[in-house]
Amino acid sequence: MRQPLDELIASLTVDVPDHPEPGVLFRDLTPVFADGPAFRRLVAGLAAPENGDPRAAALAGGDDAGADHAGPPFDVVVGVEARGFLLAAAVALSAGVGVVLVRKAGKLPRERIAADYVLEYGTATLELHSDSIRPGQRVLVVDDVLATGGTLAAAVALVEQLGGVVTAVSVVVELAALGGRQRVAPHTVHALWTT
């Protein structure tokens, strides 16, 4: 019998205590990424969020009526720096859609928008090219971990500032005790493993 995906991820993840600072338990997912069959299952899981934003279904039949919308319930995947890039690119490739990068401040070369947020251990700014999301475009936001929700809430805010419709937020691990899901609400959060 095939191991449930959450158990597979948990079995390959390495816990690193006191990283990046004392009191923080870092969930190192790189062994999951290095295991080909596990990574394939992880990508398929991230690409299949359940019960996404109902506005996305309405948009699917919207401005290009008659088009074939049998594909994924999103038009583009947004990945959050840095591990989110790896995951978003794999999900986008699997789904046959494009990938857009949300970067840390000062990394994007063209006109951009910015959102500040609070981390578990500091503050930071995320940026997105101002022409990377079209109004009404259905967007799946992908990252590795949902902790306090600050990073993902900032990424969602950037997408929405450009008029994108966030269909769901997909993450590998949700650290439920930190309450990040509430910061991303009302958006659907699809977590492959909740601890």
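Residues numbered from 1 in each chain as written. Predicted model: local features only at pLDDT ≥ 70, side-chain atom pairs only at ≥ 80, totals over all residues. Heavy atoms only, no water.

In the annotation of an unreviewed UniProt entry, the protein is listed under the name Adenine phosphoribosyltransferase and assigned to Blastococcus goldschmidtiae. Checking UniProt for the protein, the heading Pathway (unreviewed entry) contains the comment "Purine metabolism; AMP biosynthesis via salvage pathway; AMP from adenine: step 1/1." As stated in UniProt under Function (unreviewed entry), the record for the protein gives "Catalyzes a salvage reaction resulting in the formation of AMP, that is energically less costly than de novo synthesis." (UniProt positions renumbered as here; feature names shortened; annotations may be inferred.)

Undergrad: I keep staring at the side chain of Glu81 and nothing clicks. Help me out?
TA: Here Glu81 is to be found in the loop between strand S3 (76-80) and helix H5 (83-95). Relative accessible area serves as the criterion here: at 16%, Glu81 is assigned to the buried category. Among the polar contacts made by the side chain of Glu81, one reaches the main-chain amide nitrogen of Lys104 at a distance of 2.9 Å. In contact with Glu81, not counting residues within four places along its chain, are Val102, Arg103, Lys104 and Lys107. (Helix = DSSP H or I, 4+ residues; strand = E, 2+ residues; numbered from the N terminus. Buried < 20%, exposed > 50% of the residue type's maximum accessible area, 1.4 Å probe, protein only. Polar contact = N/O pair within 3.5 Å; in protein donor to acceptor, adjacent residues only side chain to side chain. Contact = heavy atoms within 4.5 Å.)

Undergrad: Hey, could you run me through the pattern of salt bridges in this one?
TA: Think of it this way: side chains of opposite charge can pair up when their charged atoms draw near. Going through the model one piece at a time under the given rule, you end up with seven salt bridges. The salt bridge partner of Arg27 is Asp15, with a shortest N-O separation of 2.9 Å. Here Arg27, found in strand S2 (residues 25-28), pairs with Asp15, found in strand S1 (residues 14-17); they are twelve residues apart in sequence, far enough to count as distant. Residue Arg27 is classed as buried on the basis of its relative accessible area of 18%. With relative accessibility at 39%, the residue Asp15 sits in the partly exposed group. (Salt bridge = Lys/Arg side-chain N within 4 Å of Asp/Glu carboxyl O.)

Undergrad: Please clarify how the nonpolar core should be interpreted in this entry.
TA: Taken as a class, soluble globular proteins show a tendency for nonpolar side chains to be buried jointly. Counting 28 residues, the largest nonpolar core has Ile9, Leu42, Leu46, Leu87, Val91 and Val172 as its most contacted members. Of all the secondary-structure elements, those providing two or more residues to this core are helix H1 (5-12), helix H2 (30-34), helix H3 (36-46), H5, strand S7 (138-146), strand S8 (165-174) and strand S9 (189-194). With residues near it in sequence (within four places) discarded, Val91 still touches Val43, Leu46, Ala47, Phe74, Val77 and Leu140. Of all hydrophobic cores here, the second largest spans 26 residues; its members include Val102, Ala115, Leu158 and Val169. (Core = buried A, V, L, I, M, F, W, Y, C linked by side-chain atoms within 4.5 Å.)

Undergrad: What exactly am I supposed to notice about the environment of Leu108 here?
TA: Along the chain, the position of Leu108 falls in the loop between strand S4 (98-104) and strand S5 (112-119). C-alpha of Leu108 to C-alpha of Glu127: the two residues are 19 residues apart in sequence and 7.4 Å apart in space. If we skip the residues at most four places from it in the chain, Leu108 touches Arg103, Glu127, Leu128 and His129.

Undergrad: Could you clarify how one ought to interpret the sheet that holds S7 in this entry?
TA: Picture the strands of a sheet paired through backbone hydrogen bonds; they go either parallel or antiparallel. Spatially, seven strands are ordered S5-S6-S4-S3-S7-S8-S9 in an open sheet, and the strand pairing comes out mixed. At either end of the open sheet lies a strand with only one pairing partner, and these are S5 and S9. For this sheet, the mean angle separating the axes of adjacent strands, direction not counted, is 25°. Together, S3, S4, S7 and S8 form the strand contacts of H5, whose direction differs from that of S3 by roughly 165°. (Pairing = 2+ DSSP bridges. Axes fitted to C-alpha atoms, helices over the stretch in contact; angles between N-to-C directions.)

Undergrad: Just to check I follow, could you spell out the packing of H3 against H5 for this structure?
TA: Angle between the axes and distance between the axes: these two values describe a pair of packed helices. Where H3 meets H5, the closest approach of the two axes is 9 Å, and the angle between their N-to-C directions is 75°. By the angle between their axes, H3 is roughly perpendicular relative to H5. Between H3, through Phe39, Leu42, Val43 and Leu46, and H5, the contact on the second element is made entirely by Leu86, Leu87, Ala90, Val91 and Ser94. When the residues that make up the contact of H3 with H5 are grouped by side-chain class, the tally is eight nonpolar, one polar and no charged. (Parallel < 35°, antiparallel > 145°, perpendicular 65-115°, else oblique. Nonpolar A, V, L, I, M, F, W, Y, C, P; charged D, E, K, R; others polar.)

Undergrad: Looking at this model, I keep getting lost on the packing of aromatic side chains. Mind explaining?
TA: How two aromatic rings sit relative to each other is given by the distance of their centres and the angle of their planes. Taken as a whole, this structure holds one aromatic pair when the rule is applied. Residues Phe33 and Phe39 carry aromatic rings whose centres are separated by 5.7 Å and whose planes lie at 70° to one another, so their mutual orientation is edge-to-face. The class for Phe33 is buried, based on a relative accessible area of 15%. Classification of Phe39 as buried rests on a relative accessible area of 17%. (Phe/Tyr/Trp six-rings, centres within 6.5 Å; stacked < 30°, edge-to-face > 60°.)

Undergrad: Please clarify how the environment of Val80 should be interpreted in this entry.
TA: Following the sequence through the fold, Val80 ends up in strand S3. Separated by 48 residues in sequence, Val80 and Leu128 place their C-alpha atoms 9.9 Å apart. Each residue touching Val80, except ones within four places of it in the same chain, is listed here: Phe85, Val102, Leu126, Val141, Val142, Asp143, Thr151, Leu152 and Ala155.

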